[in-house]
Amino acid sequence: MKIAKLVSAFAGLVLGASALQANAIPFEVDITVDNSYALYYGTETTATNFVGSNGSWYEAEHYSFDLPSSNFIYVVTESDVATAQGFLAQFTNLLTNQRFYSNDSQWQVTATGRRGSAPYSGSAADLSELSSQLVAANNGSNPSGGWVATTAGAANGASPWGTIATIDANARWSWYNSNGSVDPTIGGFDHNEYLVFRISVGAAKVPEPSTIMLLSLGLLGLVVARKRNA
Ligand SMILES: [Ca+2]
Ligand SMILES: [Ca+2]
């Protein structure tokens, strides 16, 4: 009986940990892209949710959404191959009040080579288009050879864009660099677009399964010790 109770308590702890991992993180986003973007989230292989899209670089859009902590944020982008191009944004985690920018080193980018086919809505066809490109990127079988580091250009306020209101001055315009440019955001050029940027923000905020197991075993040990003392 005692062992059965302990096993039950242990199972409860593990289930509790699973529930913790399934929690969502409330985010606020201020974003714009030269020239257009769509914001999604989903798993490593499947785009499940569309948040919004826009095609005017000179104004930032504001969104709020709850990101399942195991999910990735995805930003689909395409330029007009003229003057400049870039992704400029700030993401605010309302649980921790931490903010990261479009130039955070955790971002990765992939180049699809499918200019003109960028998914910009929540339609089944667009979610399927994006998901197929996530899988290609995960396999390394696309023009960028999978997910690679982004390249940061100038900070918000710089020419040719000027200051984008509601986005911090620390945020920098970022892009994929297909040709070794010093700054791929300056000078119209097709860097094998459309592009997909991704970041995983939840994983680092949640204990690893091994940590949870150790914590649970430690608690189990405490229970056993208490029973012996009693
Ligand atoms: Ca915009
Ligand atoms: Ca442009």
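Residues numbered from 1 in each chain as written. Chains lettered and ligands numbered in written order. Predicted model: local features only at pLDDT ≥ 70, side-chain atom pairs only at ≥ 80, totals over all residues. Heavy atoms only, no water.

How should the coordination of the calcium ion (ligand 1) be read in this particular structure?
For a metal with four donors in a tetrahedral arrangement, the ideal angle between donors is 109.5 degrees, while six donors in an octahedron ideally sit at 90 or 180 degrees. In this structure, Thr32 (OG1), Asn54 (OD1), Ser56 (O), Glu59 (O), Glu61 (OE) and Glu61 (OE) serve as the protein donors to the calcium ion (ligand 1), at separations of 2.3 to 2.6 Å. Coordination at the calcium ion (ligand 1) is irregular, judged from the six donor atoms that bind it and the angles of 50 to 164° they form at the metal. Counting gaps between the donor residues of the calcium ion (ligand 1) yields the pattern T-x21-N-x1-S-x2-E-x1-E. A residue is classified by how much of its surface remains accessible, and Ser56, at 25% relative accessible area, is partly exposed. (Donors = N, O, S within 2.8 Å, 3.2 Å for Na, K, Ca; no water. Tetrahedral: all angles 85-135°; square planar, octahedral: opposite > 155°, others 65-115°. Buried < 20%, exposed > 50% of the residue type's maximum accessible area, 1.4 Å probe, protein only.)

What am I meant to see in the coordination of the calcium ion (ligand 2) here?
Bound to the calcium ion (ligand 2) on the protein side are Asp34 (OD), Asn35 (OD1), Asp80 (OD), Ala82 (O) and Ala84 (O), at distances that span 2.3 to 2.7 Å. With relative accessibility at 5%, the residue Asp34 sits in the buried group. Here Asn35 falls in the buried class, since its relative accessible area comes to 15%.

It is not clear to me how the pairing of strand β8 (residues 108-111) should be interpreted in this structure. Could you clarify?
Remark: a regular strand shows side chains that alternate across the two faces of the sheet. Pairing of β8 with strand β9 (residues 148-149) involves two bridges; the strand directions are antiparallel. In the strand pairing of β9, Val109 is matched with Val148. The pairing of β8 with strand β12 (residues 195-200) spans four bridges and is antiparallel. Note that in β12 the partner of Ala111 across the bridge is Leu195. (Pairing = 2+ DSSP bridges. Helix = DSSP H or I, 4+ residues; strand = E, 2+ residues; numbered from the N terminus.)

Help me understand helix α2 (residues 124-139), please; the structure alone is not making it clear to me.
A turn of α-helix holds 3.6 residues, and therefore any two residues three or four places apart point the same way. With 16 residues, α2 extends 23 Å from end C-alpha to end C-alpha; this agrees with the ideal 22 Å at 1.5 Å per step. Turning to α2, its buried residues are Asp126, Leu127, Glu129, Leu130, Ser131, Gln133, Leu134, Ala136 and Ala137. In the core, the buried residues of α2 are packed alongside β2 (36-42), β3 (47-54), β5 (72-78), β8 and β12. Trailing α2 by a residue or two, Gly140 shows a phi angle of about 75°, which is positive. (Expected span 1.5 Å × (residues − 1). Contact = heavy atoms within 4.5 Å.)

What's the story with the pattern of salt bridges in this structure? I'm lost.
Two side chains that carry opposite charge are able to pair once their charged atoms sit near each other. Tallied over the entire structure, the rule returns five salt bridges. A salt bridge links Asp168 to Arg99; the nearest nitrogen and oxygen atoms lie 3.1 Å apart. Here the residue Asp168 occupies a position in the loop between β10 (151-155) and β11 (172-175), and Arg99 occupies one in strand β7 (residues 98-101), the gap between them amounting to 69 residues. Taking relative accessible area as the criterion, Asp168 reaches 25% and is therefore assigned partly exposed. Look at Arg99 and you get partly exposed, because its relative accessible area is 39%. The closest approach of N and O atoms between Arg115 and Asp190, which form a salt bridge, is 3.2 Å. Placement of Arg115 in the loop between β8 and α2 and of Asp190 in the loop between β11 and β12 is noted, with a sequence separation of 75 residues between them. Because the salt bridges share partners, they merge into one network encompassing Glu78, Arg115, Asp190 and Glu193. (Salt bridge = Lys/Arg side-chain N within 4 Å of Asp/Glu carboxyl O.)

Can you walk me through the sheet that holds β9 in this structure?
Think of a sheet as strands paired side by side through backbone hydrogen bonds, with each pair either parallel or antiparallel. Read across the open sheet, the six strands follow the order β3-β2-β5-β12-β8-β9; overall the sheet is antiparallel. Lying at the two open borders of the sheet, with one neighbouring strand each, are β3 and β9. Packed onto the sheet, α2 meets β2, β3, β5, β8 and β12 and runs at close to 110° relative to β3. (Axes fitted to C-alpha atoms, helices over the stretch in contact; angles between N-to-C directions.)

Geometric descriptors of this kind do not, in isolation, establish any biological role.
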